[in-house]
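# Observations on the three-dimensional arrangement
Here are the chains, one letter per residue:
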Amino acid sequence: MENLVEVILAYKAGLVFLWLLFLFVLERAFPVAPLINSGGWFEKYFPIRVRRNIGLWFCNLILSPLVVIPMTAWAAAHIVGWRPEFLSGSAGLIFDLILLDCLIYWWHRLNHELPFLWRFHEIHHLDMNLDTTSALRFHFGEVLLSAFMRVFVVIIFDITLISIIIFEVILLISTLFHHSNVRLPDQFEKALSLVIITPAIHWIHHHALRNDTDSNYGTVFSFWDKIFRSKSSTQRVRKMQIGVEGAQDKIFAELLKRPFKKRNL
Ligand SMILES: [Zn+2]
């Protein structure tokens, strides 16, 4: 099992980066929402919002080895081991992946329902166009709060490090995919959406209409929103307005400071 952890860790970054690159190219070649054509090719393919998203991602890349990974590893080393035999090995892994996806559904939902958490999560939603780089756009405060939350989840639910790492890879692949602007054949996307979250589902979550923003919370599997009655009936349209109702995106420094500012939410 330890060897498997090492193999996944060694290939994780490369695999995720290749997937990001693949979607980034594909969504510019076959976009659903039209690309904003202001300025030259650089502005078309790397507009300011993409640079902002990558900037926020870099903050989190620095935090990851310093705080997030050590916290998670510490939690995994302190699990109490209450699991019965039948919930270990591959059955345990499948159980963990479904459990973690359910828990992340609720964590995401809390990020919308609790004003304190929304202060940080709002930064992700302020992106006024979507593409695969939107999946990298998270305020470092949200990343730290999630890491803190994960410590409790790992200890309480007795989750092994291998399950966390495999789920993390699936989570990254899934979020890069469902934020992307890739045009998929309708029937293919419809079939996929029966099981997993597709861009057509997740884009509704980024619709600049509060009722839709507070729906479609799923991350990997699409059934949680049906089970917990948070599925929006809105259908994605090509020129749907993206963002937070009544708010505008901010410059990079403003985005970093915004959660700490005193204001009425
Ligand atoms: Zn959200």
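Please refer to the structure higher up on the page.
Residues numbered from 1 in each chain as written. Predicted model: local features only at pLDDT ≥ 70, side-chain atom pairs only at ≥ 80, totals over all residues. Heavy atoms only, no water.

## Describing the coordination of the zinc ion
Selection rule: With water excluded from the atoms, a metal site may look incomplete; its donors are any N, O or S atoms within 2.8 Å, or within 3.2 Å for Na, K and Ca. The way it works is that DSSP assigns letters per residue, a run of H or I at least four long becomes a helix, a run of E at least two long becomes a strand, and they are numbered from the N terminus. Remark: exposure states derive from per-residue accessible area (1.4 Å probe, protein chains only) relative to the maximum for the residue type, with buried under 20%, exposed over 50%, and partly exposed in between.
Donor atoms from the polypeptide that coordinate the zinc ion comprise His108 (NE2), His112 (NE2), His121 (NE2), His125 (NE2) and His205 (NE2), at 2.1 to 2.2 Å from the metal. Each donor residue of the zinc ion belongs to the same chain, and together they define the spacing H-x3-H-x8-H-x3-H-x79-H. In this pair, His108 is assigned in helix 4 (residues 89–113) and His121 in helix 5 (residues 115–125), connecting sequence segments 13 residues apart. The class for His108 is buried, based on a relative accessible area of 11%.

## Examining the packing of aromatic side chains
Our working rule: Only the six-membered ring of Trp is used, alongside the rings of Phe and Tyr, when aromatic pairs are assigned; centres must lie within 6.5 Å, and planes under 30 degrees apart are stacked while those over 60 apart are edge-to-face, with the rest tilted. Here, over-ring charges are defined by two tests on the NZ atom of lysine or the CZ atom of arginine: distance to the ring centre within 6 Å, and angle to the ring normal within 35 degrees.
Enumeration according to the criterion identifies 15 aromatic pairs in this entry. Site record: aromatic cluster; members linked through ring pairs are Tyr105, Trp106, Tyr217, Phe221, Phe223, Trp224 and Phe228. Taking NZ or CZ as reference, Arg236 lies 4.9 Å from the ring centre of Trp203, over its face.

## A short note on unusual backbone geometry
In this model, Asp158 sits at a positive phi of 60 degrees, which is unusual for a non-glycine residue. Residues other than glycine seldom take positive phi values, yet Arg229 does so here, at roughly 55 degrees. Relative to the assigned elements, Arg229 resides in the loop between helix 11 (223–227) and helix 12 (252–257).

## Regarding the side chain of Arg258
As a reminder of what qualifies: Under this definition, polar contacts are N or O atom pairs within 3.5 Å; protein pairs additionally need one hydrogen-donor-capable and one acceptor-capable atom, and for neighbouring residues in sequence, both atoms have to be side-chain atoms. Contact definition: two residues touch when any of their heavy atoms are within 4.5 Å.
For Arg258, the location among the structural elements is in the segment after helix 12. Judged by relative accessible area, which is 14%, Arg258 ranks as buried. Within polar-contact distance, the side chain of Arg258 engages the side chain of Glu122 at 2.9 Å. With residues up to four places along the chain from it excluded, the contact list for Arg258 reads Arg119, Glu122, Ile123, Leu126, Ala247, Lys250 and Arg263.

## Describing the nonpolar core
A general feature of soluble globular proteins is that nonpolar side chains tend to end up buried together. Under the convention used in this document: To define a nonpolar core, start from buried Ala, Val, Leu, Ile, Met, Phe, Trp, Tyr and Cys residues and group those joined through side-chain atoms within 4.5 Å.
Of all hydrophobic cores here, the largest spans 19 residues; its most connected members are Ile8, Ile159 and Phe167. Secondary-structure elements contributing two or more residues to this core are helix 1 (2–29), helix 3 (48–77), helix 4, helix 6 (140–157) and helix 7 (161–179). Per-element tally for this core: the top contributor is helix 7, with seven residues. Those residues in contact with Ile8 that lie beyond four places of it in its chain are Ile162, Ile165, Ile166 and Val169.

## With respect to the pattern of salt bridges
Which entries qualify depends on this criterion: By definition here, a salt bridge exists when the distance from a side-chain nitrogen of Lys or Arg to a carboxyl oxygen of Asp or Glu is within 4 Å.
Per the counting criterion, the structure on display carries 16 salt bridges. Measuring nitrogen to oxygen at the nearest pair gives 3.1 Å for the salt bridge that ties Arg49 to Asp131. Of this pair, Arg49 sits in helix 3 while Asp131 is found in the loop between helix 5 and helix 6, placing the two residues 82 residues apart along the sequence. Take Arg49: its relative accessible area is 10%, and that puts it in the buried class. For Glu122, the salt bridge is made with Arg258, and the minimal N-O distance between the two is 2.9 Å. Here Arg258 lies in the segment after helix 12 and Glu122 lies in helix 5, a separation of 136 residues in the sequence. Each member of the pair, Glu122 together with Arg258, is buried. Through salt bridges with shared partners, one network takes in Glu27, Arg28, Arg49, Arg52, Asp127, Asp131, Arg137 and Asp249.

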